[in-house]
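# Overview (structure and organization)
Each chain, written out:
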Amino acid sequence: MGKRNVAVVLAGGKGSRMGGNGEDQTPKQFLVVGGKTILDYSVRTFDDNPGIDEVVIVSHRDYVERVAELVRAGGYRKVAAILEGGKERYDSSLVAIRRYAYEDVNLIFHDAARPLVSERIVDDVISSLESAQACGVAVPSVDTILVCKDGVLQSVPDRSTMYRAQTPQGFDIEVIKSAYEIGLKDPDFQATDDCGILLKYRPDIPIKIVEGDDANLKVTYRDDLEMVEMYLKKKGLNQ
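Here's a quick rundown of the structure.

Attention shifts here to the overall build of the protein. Looking only at helices and strands, the protein has 7 helices and 11 strands in total. The C-alpha radius of gyration of the protein comes to 18 Å, within 12% of the 18 Å expected for a compact globule of 239 residues. Considering only C-alpha atoms, the protein reaches an extent of 50 × 45 × 35 Å along its principal axes. Within the protein, the fraction of its 239 residues that count as buried is 49%. Considering only contacts in the protein between residues 6 or more positions apart, those separated by 24 or more positions represent 72%.

If you want it as structure tokens, here you go:
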């Protein structure tokens with residue numbers, strides 16, 4: 001019997017980039033598009049996937065009850081817990097790692113702000129974790145990437161090696177736990193995502209890349225909701 005697969009939906013944001021200038025400060029995971037909240041789409045995809053055994057949602061402390069209401073209304077069967085996240089993104093990952101620290105599981109981290117993650121991507125991540133200890137999702141960059149410093153061009157990397165990172169990112173619990181244990185002892189510890197932490201602190205662990213999808217976009221600004229609406233219409237999922 002293989003490891004259990006636990007989806008960790010990271011929904012700890014407070015919406016600071018979505019509001020401003022008197023706009024509604026509703027965190028993006030609660031914004032409604034196509035008749036559902038951004039968070040609903042993310043949770044539903046994992047809850048419905050037969051390869052996912054359990055789902056946990058990490059929320060900012062101010063919104064734990066709001067998430068609980070959403071879970072009740074959605075009738076999700078696999079949501080085992082709503083965890084309280086911390087100040088930084090990596091704090092949200094850590095709370096899930098600590099919850100499952102002594103269990104034989106794979107943790108599959110996903111940003112709630114990517115509502116259109118497909119069943120195919122989730123399936124591919126789960127499949128990758130059958131032979132690899134870590135995997136990320138990415139799409140090739142169609143643009144030339146410039147490396148700049150202080151507004152001055154430093155180098156132009158080969159575009160064929162450049163990819164744009166997405167989520168989910170999946171890990172054997174032991175390898176991501178050990179990477180954090182090492183990293184948190186580093187006085188210069190900085191984290192953008194979990195694959196980056198693993199790459200820096202456990203470079204001995206290969207990270208397999210799963211092909212992503214342009215529809216698996218991250219909602220950061222309000223204009224991004226129009227793109228989500230467009231993809232929902234193409235898939236016939238808008239209400």
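There is more to say, and it comes next.
Glancing now at a nonpolar patch on the surface. Together, Leu 146, Leu 153 and Val 156 make up an exposed nonpolar region whose accessible area comes to about 280 Å². Take Leu 146: it is sitting in the loop between strand E7 (134-140) and strand E8 (147-149).

What follows concerns the side chain of Thr 167. The residue Thr 167 is located in strand E10 (residues 163-172) in this model. A residue is classified by how much of its surface remains accessible, and Thr 167, at 4% relative accessible area, is buried. Looking at Thr 167, its side chain comes within polar contact range of the side chain of His 110, at 2.9 Å. Ignoring anything within four residues of it in the chain, the contact list for Thr 167 reads Arg 89, Phe 109, His 110, Asp 111, Arg 114, Val 117, Val 137 and Asn 216.

It is worth spelling out the side chain of Asp 194 at this point. Tracing the chain through its elements places Asp 194 in helix H6 (residues 194-201). Reaching out from Asp 194, the side chain makes a polar contact with the side chain of Arg 89 at a distance of 3.2 Å.

Here the focus is H6. Buried residues of H6: Asp 194, Cys 195, Ile 197, Leu 198 and Tyr 201, and no others. One face of H6 carries all of its buried residues, which in axial projection span an arc of 160 degrees. For H6, the exposed residues set more than 90 degrees away from the buried face come down to Leu 199 and Lys 200. Contact partners of the buried residues in H6: helix H3 (89-99), strand E6 (105-111), E7, E10 and helix H5 (173-183). With a side-chain oxygen positioned 2.9 Å from the backbone nitrogen of Gly 196, the residue opening H6 is Asp 193.

Attention now goes to the environment of Asp 158. Among the secondary structure elements, Asp 158 is positioned in the loop between strand E9 (152-155) and E10. Judged by its relative accessible area of 48%, Asp 158 falls in the partly exposed class. Asp 158 sits 12 residues away from Leu 146 along the chain, and the two C-alpha atoms are 9.9 Å apart. A distance of 2.9 Å separates polar atoms of two side chains, one belonging to Asp 158 and the other to Ser 160.

In the structure shown here, the tally under the stated rule is 15 salt bridges. The shortest N-O distance in the salt bridge between Lys 3 and Asp 104 comes to 2.3 Å. One end of the pair, Lys 3, is in the segment before strand E1 (4-11); the other, Asp 104, is in the loop between H3 and E6, with 101 residues separating them in the sequence. A salt bridge links Arg 4 to Glu 103; its shortest N-O distance comes to 2.6 Å. Taken together, the residues Arg 4 in strand E1 and Glu 103 in the loop between H3 and E6 connect sequence positions 99 residues apart. Its relative accessible area of 26% is what places Arg 4 among the partly exposed residues. Connected via shared salt-bridge partners are Lys 3, Asp 104 and Asp 172.

Quick notes on the rules
Residues numbered from 1 in each chain as written. Predicted model: local features only at pLDDT ≥ 70, side-chain atom pairs only at ≥ 80, totals over all residues. Heavy atoms only, no water. Helix = DSSP H or I, 4+ residues; strand = E, 2+ residues; numbered from the N terminus. Rg over C-alpha atoms; globule rule 2.2 N^0.38 Å. Buried < 20%, exposed > 50% of the residue type's maximum accessible area, 1.4 Å probe, protein only. Contact = heavy atoms within 4.5 Å. Patch = residues over 30% accessible without salt bridge, like charges linked within 9 Å, V, L, I, M, F, W, Y side chains within 5 Å. Areas by Shrake-Rupley, 256 points an atom, 1.4 Å probe, with all protein chains shown as cover. Salt bridge = Lys/Arg side-chain N within 4 Å of Asp/Glu carboxyl O. Polar contact = N/O pair within 3.5 Å; in protein donor to acceptor, adjacent residues only side chain to side chain. Arc of directions from axis to C-beta.

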